[in-house]
Amino acid sequence: MKLNLDLLKEAKNLKNYQLPQYDPASVASYTKQHPQWMHFGAGNIFRIFPAVLCQRLLDQGDMETGVICCEGYDDEIITRCFRPHDNLSIAVTLHTDGKIEKEIVGSVSESLTAQHDSDRIREIFENPSLQMVSFTITEKGYAIRDMQNEIIPAAASDMEKGPEGCRHLMSQLAAFCIARYHACGTPLALVSMDNCSHNGEKLRSSVLEIAKAWLEHGKISADAYAYLSGKISFPWTMIDKITPRPDELVKQQLTADGFEDIAPFVTAKNTYTAAFVNAEKPQYLVMEDSFPNGRPQLEKAGVYMTDRDTVNRTERMKVTTCLNPLHTAMSVYGCMLGYTLISEEMKDPDIVNLIRMLGYQEGLPVVTDPGILSPKAFLDEVMEQRLPNPFMPDAPQRIATDTSQKVGIRFGETIKNYVAGNLDTGSLTALPLAIAGWLRYLLAVDDELRPMEVSADPMKDELQRKLAGIMVGKPETCQNQLREILSNAAVFGSDLTANGLADKIICMFREELEGAGAVRRTLQKYCSGSRQ
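These figures come from a predicted structure and were not determined experimentally.

The rules we used
Residues numbered from 1 in each chain as written. Predicted model: local features only at pLDDT ≥ 70, side-chain atom pairs only at ≥ 80, totals over all residues. Heavy atoms only, no water. Pairing = 2+ DSSP bridges. Helix = DSSP H or I, 4+ residues; strand = E, 2+ residues; numbered from the N terminus. Axes fitted to C-alpha atoms, helices over the stretch in contact; angles between N-to-C directions. Expected span 1.5 Å × (residues − 1). Buried < 20%, exposed > 50% of the residue type's maximum accessible area, 1.4 Å probe, protein only. Polar contact = N/O pair within 3.5 Å; in protein donor to acceptor, adjacent residues only side chain to side chain. Contact = heavy atoms within 4.5 Å. Core = buried A, V, L, I, M, F, W, Y, C linked by side-chain atoms within 4.5 Å. Parallel < 35°, antiparallel > 145°, perpendicular 65-115°, else oblique. Left-handed = near helix turned anticlockwise from the far one by under 90°. Salt bridge = Lys/Arg side-chain N within 4 Å of Asp/Glu carboxyl O.

### Some words on the sheet that holds strand 15 (residues 304-306)
(1) Moving on: Spatially, three strands are ordered 10-14-15 in an open sheet, and the strand pairing comes out mixed. With partners counted over all chains shown, the strands left at the sheet margins are strand 10 (237-240) and strand 15, one partner each. Averaged over neighbouring strand pairs, the angle between their axes works out to 15° when direction is ignored.
(2) Moving on: Pairing geometry for strand 10 and strand 14 (residues 284-288), over four bridges, is antiparallel. Note that in strand 14 the partner of Asp-240 across the bridge is Tyr-284.

What follows is the structure, given as C-alpha cells:
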C-alpha cells in the first residue's frame, strides 16, 4: 500500500485504522477558496495534535475546512513528507499498556513552503475568511535578537528594507499581515502553540518590533501599524504532548500492515521525520479565547478555551510543579546511573522516590492551581502513565540539555513560593537533592566513576570552571566552590545562600562525591521514606 488519497478508496485494507469521516479532496477544494485556519511549522507535533484536532471537527461536522500548513525552515518536510502522500499522515498513539491506535489524518488541505510559495501565502492572508494562523516553530523561531540582545542580521536587514522580500519568518509574517490590512482590513488571530512561557507575547513582541522599525523608516503607514497592534490578537496557549521522533518499531508495524513508503529519513537540515508520527495518548491545549474574526469550535475537539490568566496558571502548574521539575531531576540522576530511557528510569525505585517526593510532598503544597485541571490528577497521570510508557523512546540525555536555563523556573519558583508563604525551606529535601545532583552531574563522571558526556548547555563551560578542583572520590576537595554558583539568582531565581538551602545542597553534593555508588546511596538516604 502507498499512503495517498487513492488508498482511502480501499478501506477494506485499513480495517485497523481510523479513517477520515469526510472526503479530504472535497474539503481541500473548499478550503482553497475559503481558508479558515493556517499553520506554520509542519513538524511532528503539528501532525499528531493540531491537525488531528481539525480532523475531529471535520469528522463531527463542526468544521467545513481543513488546515493549510506552511513550513518556514525545512522545505523537505513538505516536499518529501507531505506532497508525495497527498498531504496525508499516519498518527500512531502509543499507550502504556502496549496498545497502539493508528489513524489516517486527512485534514491538511494544502502544504506550502515559506521560501517558494509566498504569493499563495499572501493570497491566503488577504482572504477575509481566514480566522487564525497558528505556530509550532519552537521558541527560537520567534527570536529576532541573539544572546547579547542584538538584532540578528536577517531581521536587521528586513527591518531596514521594509515588507518586500523579507528573509526572517517573523518579518514575513508582519508583511503578510500588512498585506491583509491593505486587502481587507479584517482582524486575525496569530496563535503560538509552542511549548514556552508567554508564547503569545513572544510572537507579538517580535512582529511589532519589526513593524515599528518599518514605521520609523517610513516603510508602512501609521494606520498599518495600528492595524497590527490593535486588530491582530496574539492569544497565549499552553501545549503539552510528548512527541518523540519516529520510532523504528512503529515503522516495522506499519510495514507489516502493508505500507511501502513510510520509512523515517533525516533531511539535509537534520530533521528526523517520516510519513507517520508516534506520540503518547495524553495531550493538553489550553488557549486564551481571543479571536477577533471568529474561530473553529476548538472546544468540541477537547481544547480548553479560557482567559489569559488561566493559561498562565496552567503553564506554571506544568512547568514549576507537575511535569518539568520531575523531568529535570530524573534526567541528571538517570545520566549518572547509566540510563538511556526515561521509561527504564521509572523502574528504579530510588529515582521514582525522588520525583514522587519532589512532586507530591514538596510541589503540590505550593502548586499554582489553574482551576480547569486538577494538579493532583495531572501529576498522577505523569507518574502512572506518561513517564513509565515503555513505548516512548525519550532519553534523559536529551532532557538534561540546557539545564542551567531551566532550574530557575523548574525549581526556583517552588523555592520562591515557600519563602512567600512563610513556609520552612529547611523542610525541602528532594528539591535541594535535585540541585545537588545537577551540580554533581556537571563533573562529567558517572556513579561508577566512568567519564560521562554532559549534555549541551550554554553555561556548561563556565559552571565547570567554577567546579574546578572538586574530585569525585575526594569530598574534601569541595570547599567553597559551590557558594558562588548557589548565590547566583540569575540561575536559580533567588540567592540560595540567603534562603537557607545552600548548606543542605553542599552537604548532599559532598555525600555524592564519596566514591563509586555514592550517588545512589545518597538518593536512598534522603528519599527512601517518600510517600504520595
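From this point, the discussion proceeds with the structure in view.
### Side note on helix 13 (residues 324-336)
(1) Moving on: Taking 1.5 Å as the rise per residue, helix 13 with 13 residues should run 18 Å; its terminal C-alpha atoms sit 19 Å apart, in good agreement.
(2) Moving on: Counting buried residues in helix 13 gives 13 out of 13 residues, a clear majority hidden from the surface.

### Structural notes on the side chain of His-39
(1) Moving on: Relative to the helices and strands, His-39 resides in strand 2 (residues 37-40).
(2) Moving on: A polar contact of 2.8 Å, which involves the side chain of His-39, links it to the side chain of Thr-136.
(3) Moving on: Dropping the residues within four chain positions of it, His-39 is found in contact with Phe-46, Pro-50, Val-67, Ile-68, Cys-69, Cys-70, Ser-134, Phe-135 and Thr-136.

### Some thoughts on the nonpolar core
(1) Moving on: Core analysis: the largest hydrophobic core is formed by 75 residues, its most contacted members being Ile-435, Trp-438, Leu-439, Tyr-441 and Leu-486.
(2) Moving on: Tallying contributions element by element places helix 20 (residues 430-441) first for this core, with nine residues.
(3) Moving on: With residues near it in sequence (within four places) discarded, Leu-439 still touches Leu-467, Leu-482, Ile-485, Leu-486, Ile-505 and Phe-509.

### Re helix 5 (residues 75-82)
(1) Moving on: Judged by how many residues are buried, helix 5 sits mostly within the fold: six of eight residues are covered.
(2) Moving on: Of the positions making up helix 5, those classed as buried are Asp-75, Glu-76, Ile-77, Ile-78, Cys-81 and Phe-82.
(3) Moving on: Looking at the buried residues of helix 5, the elements they touch are helix 3 (44-48), strand 3 (67-71), strand 6 (108-113), strand 11 (265-266) and strand 12 (272-273).

### Looking at the packing of helix 20 against helix 24 (residues 502-511)
(1) Moving on: Helix 24 packs onto helix 20 with a crossing angle of 50° between their chain directions and a minimal axis gap of 8 Å. Taken together, the axis directions place helix 20 and helix 24 in an arrangement best described as oblique. Crossing hand, helix 20 versus helix 24: right-handed. Contacts from Pro-432, Leu-433, Ile-435, Ala-436, Leu-439 and Arg-440 in helix 20 reach Lys-504, Ile-505, Met-508 and Phe-509 in helix 24.

### A look at the side chain of Arg-120
(1) Moving on: One can find Arg-120 in helix 6 (residues 118-125).
(2) Moving on: Those residues within four positions of Arg-120 in sequence are excluded, and the remaining contacts are Lys-32, Ile-68, Glu-110 and Leu-112.

### Things to note about the pattern of salt bridges
Once the charged atoms of two side chains with opposite charge are near each other, the side chains can pair.
(1) Moving on: What the rule picks out here adds up to 31 salt bridges.
(2) Moving on: Where Glu-101 meets Lys-281, a salt bridge forms, and the shortest distance between an N and an O atom there is 3.7 Å. Of this pair, Glu-101 sits in strand 5 (residues 100-105) while Lys-281 sits in the loop between strand 13 (276-280) and strand 14; the two residues are 180 residues apart in sequence, bridging distant segments of the chain.
(3) Moving on: Measuring nitrogen to oxygen at the nearest pair gives 2.5 Å for the salt bridge that ties Arg-145 to Glu-209. On the criterion of sequence distance, the pair formed by Arg-145 in the loop between strand 7 (132-135) and helix 7 (153-161) and Glu-209 in helix 9 (residues 199-216) is long-range, its members being 64 residues apart.
(4) Moving on: Looking at Arg-145, the relative accessible area reads 33%, which means it is partly exposed.
(5) Moving on: Through salt bridges with shared partners, one network takes in Lys-32, Glu-110, Arg-120 and Glu-123.

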